[in-house]
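Fold and contact review
Residue-level listing of the chains:
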Amino acid sequence: MNKTLLGLSIVLVLTGCAPKMGKIHTMMEPESNNTAEIFIIRNYNYIGSAIRLYPTVNDRKIAGLYTQNYIHFYLKEGSYTFSVKHPDIFLGMWAQGNIIKKIIDANKQYY
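All of the points below concern the structure found in this document.

Side note on the side chain of Lys85
Tracing the backbone shows Lys85 in strand 5 (residues 78–88). Looking at Lys85, its side chain comes within polar contact range of the side chain of Asp59, at 3.1 Å. Not counting the four nearest positions on each side in its chain, Lys85 is found in contact with Leu53, Tyr54, Thr56, Asp59, Trp94, Ala95 and Gln96.

Brief notes about the side chain of Thr67
Its location among the elements puts Thr67 in the loop between strand 3 (60–61) and strand 4 (69–76). Classification of Thr67 as buried rests on a relative accessible area of 16%. When sequence neighbours within four positions are dropped, the list of residues in contact with Thr67 reads Arg42, Asn43, Tyr44, Asn45 and Ser49.

Some remarks on the sheet that holds strand 6 (residues 93–104)
One open sheet holds the 4 strands; their spatial order is 3-2-5-6, and the pairing between them is antiparallel. The two strands at the open ends of the sheet, each matched to only one other strand, are strand 3 and strand 6. Bridge count for strand 2 (residues 54–57) against strand 3 is 2 bridges, and the pairing is antiparallel. Counted as the bridge partner of Thr56 is Lys61 from strand 3.

About the thresholds
Residue indices begin from 1 for each chain and proceed along its sequence in written order. pLDDT decides what is reported in this predicted model: residues at 70 or higher carry local features, side-chain atom pairs at 80 or more are listed and counted, and totals for whole chains, interfaces and linings draw on all residues regardless. Excluding hydrogens and water, the side-chain values take into account all heavy atoms of the structure. Helix and strand labels come from DSSP, where a helix needs a run of H or I of at least four residues and a strand needs a run of E of at least two; each type is numbered from the N terminus. In protein, a polar contact requires one atom able to donate a hydrogen and another able to accept it; more generally it is a pair of N or O atoms within 3.5 Å, and residues adjacent in sequence count only if both atoms are side-chain atoms. Here a residue-residue contact requires only that any non-hydrogen atoms of the pair lie within 4.5 Å. We call a residue buried when its accessible area falls under 20% of the maximum for its residue type, exposed when it is over 50%, and partly exposed in between, using a 1.4 Å probe and counting protein chains only. Two strands pair if DSSP finds at least two bridges between them.

Coordinates in, geometry out; function isn't part of it.
Written out as structure tokens, the structure reads:
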């Protein structure tokens, strides 16, 4: 009985704290001579592995990644701001971290 209640309460807490994902923007730039190939890879980490991270390009969410997932897309050359957003279950809002400003050159691969 106690194990069942404990399991049920854990499931309720984990699903009750799941935030609304919001709109995901697709990066529909086709491969061409003036684009760069971008890979965003989320490595495995036990802590936080149940939480989906949302990589952003110029503050637009482009995917929801769990551990050991990646996204691959193309961008035109130019200046971009890359970051990662994740839900903060204690504050009930989105937290942002790891902001990188990068100038993207054509015909290159970025990881």
